[in-house]
Amino acid sequence: MQRASRSLRRMLAQAAPARGVAPQTQPAGSASAAATGGGATKEISPEMQKYLATEPYMFGEKPLAPGQVRKPEFWEASAWVMLIALLALPFATTAVPNGSMQDWARDEAEERIRRRIQGLPVEFGKNYAALRALEEAGYDVAG
């Protein structure tokens, strides 16, 4: 493992000048070398130092002073609507009636067999399963 890390450091030190960045080497006993893990380090620009010195805030928003109210951005309402719709979608799809062709064909075949057993006529082109469902719902479907 030690050999792999030495060769990796060597490769990184050789690759840095090829990318246009000159590595800075520090003595092994220095405090900054210990903080960075030793080996080659890159020079940090003043802009990056300023960025790293800032305190991190969620979504880049600083906390409001007491009594202040945050004004929402124009796009936030549509994002909430989309989130709620996506969360409600699985529940909404369970309420959709079954429209499978195979289920309809099975129900129709069962209803035609029931009618034949009872001695009732069975005509081609008539949807007996739907007529039975309407009768069970209380509709008058005579004839």
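Here the structure is a predicted model, which means the values were calculated and not measured. Going along each chain's sequence as written, the residues are numbered from 1 onward. pLDDT decides what is reported in this predicted model: residues at 70 or higher carry local features, side-chain atom pairs at 80 or more are listed and counted, and totals for whole chains, interfaces and linings draw on all residues regardless. Note: side-chain values were computed over all heavy atoms of the structure, leaving out hydrogens and water.

1. Considerations on the overall build of the chain
The helix and strand labels rest on DSSP assignments: H or I over at least four residues marks a helix, E over at least two residues marks a strand, and numbering proceeds from the N terminus. Helix and strand counts for the chain come out as 6 helices and 0 strands. Order of helices (α) and strands (β) in the chain, N terminus to C terminus: α-α-α-α-α-α. Taking all 143 residues of the chain together, 8% fall into the buried category. Throughout, a residue-residue contact means that at least one pair of heavy atoms, one from each residue, lies within 4.5 Å. Put simply, of all contacts in the chain between residues at least 6 apart along the chain, 0% involve residues at least 24 apart. Only the protein chains shown count as cover for residues, and the accessible areas themselves come from Shrake-Rupley with a 1.4 Å probe. Working note: accessible area of the chain is about 12900 Å², and carbon and sulfur atoms make up 63% of it. Here the term buried applies to any residue with accessible area under 20% of the maximum for its type, exposed to any over 50%, and partly exposed to those in between, with areas from a 1.4 Å probe on protein chains only.

2. So, the pattern of salt bridges
Definition used for salt bridges: Asp or Glu carboxyl oxygen within 4 Å of a side-chain nitrogen of Lys or Arg. What the rule picks out here adds up to 7 salt bridges. With a shortest N-O distance of 2.6 Å, Arg 70 and Glu 76 are connected by a salt bridge. Arg 70 gets classed as partly exposed once you look at its relative accessible area, which sits at 37%. Residue class for Glu 76 comes out buried when judged on its relative accessible area of 14%. Linking Asp 103 and Arg 106 is a salt bridge whose minimum nitrogen-to-oxygen distance equals 3.2 Å. One end of the pair, Asp 103, and the other, Arg 106, are both in helix α5 (residues 101–118), 3 residues apart, so they sit about a helical turn from each other. On the accessibility criterion, Arg 106 (45% relative accessible area) is partly exposed. In the salt-bridge network here, residues are joined through shared partners; they are Glu 111, Arg 114, Arg 132 and Glu 136.

3. With respect to a nonpolar patch on the surface
Nonpolar side chains collect at one region of the surface, where Ile 44, Met 48, Tyr 51 and Leu 52 lie side by side and expose about 430 Å² of accessible area between them. When you line up the elements, Tyr 51 lands in helix α3 (residues 46–53). For patch detection, residues must exceed 30% relative accessible area and be free of salt bridges, and they are connected within 9 Å for like charges or within 5 Å for nonpolar side chains (Val, Leu, Ile, Met, Phe, Trp, Tyr).

4. Remarks on the confidence of the model for the chain
Residues of the chain with pLDDT of at least 70 account for 71%, and the chain-wide mean is 79. When mean pLDDT is taken per element in the chain, helix α4 (residues 76–94) scores highest with 94 and helix α2 (residues 31–35) scores lowest with 52. Confidence scores here are pLDDT values: one per residue, from the predictor, ranging 0 to 100.

5. Comments concerning the side chain of Asp 103
Asp 103 gets classed as buried once you look at its relative accessible area, which sits at 19%. Polar contact is the term for a pair of N or O atoms within 3.5 Å; when the atoms are in protein, one must be able to donate a hydrogen and the other to accept it, and sequence-neighboring residues count only if both atoms are side-chain atoms. There is a polar contact of 3.2 Å between the side chain of Asp 103 and the side chain of Arg 106.

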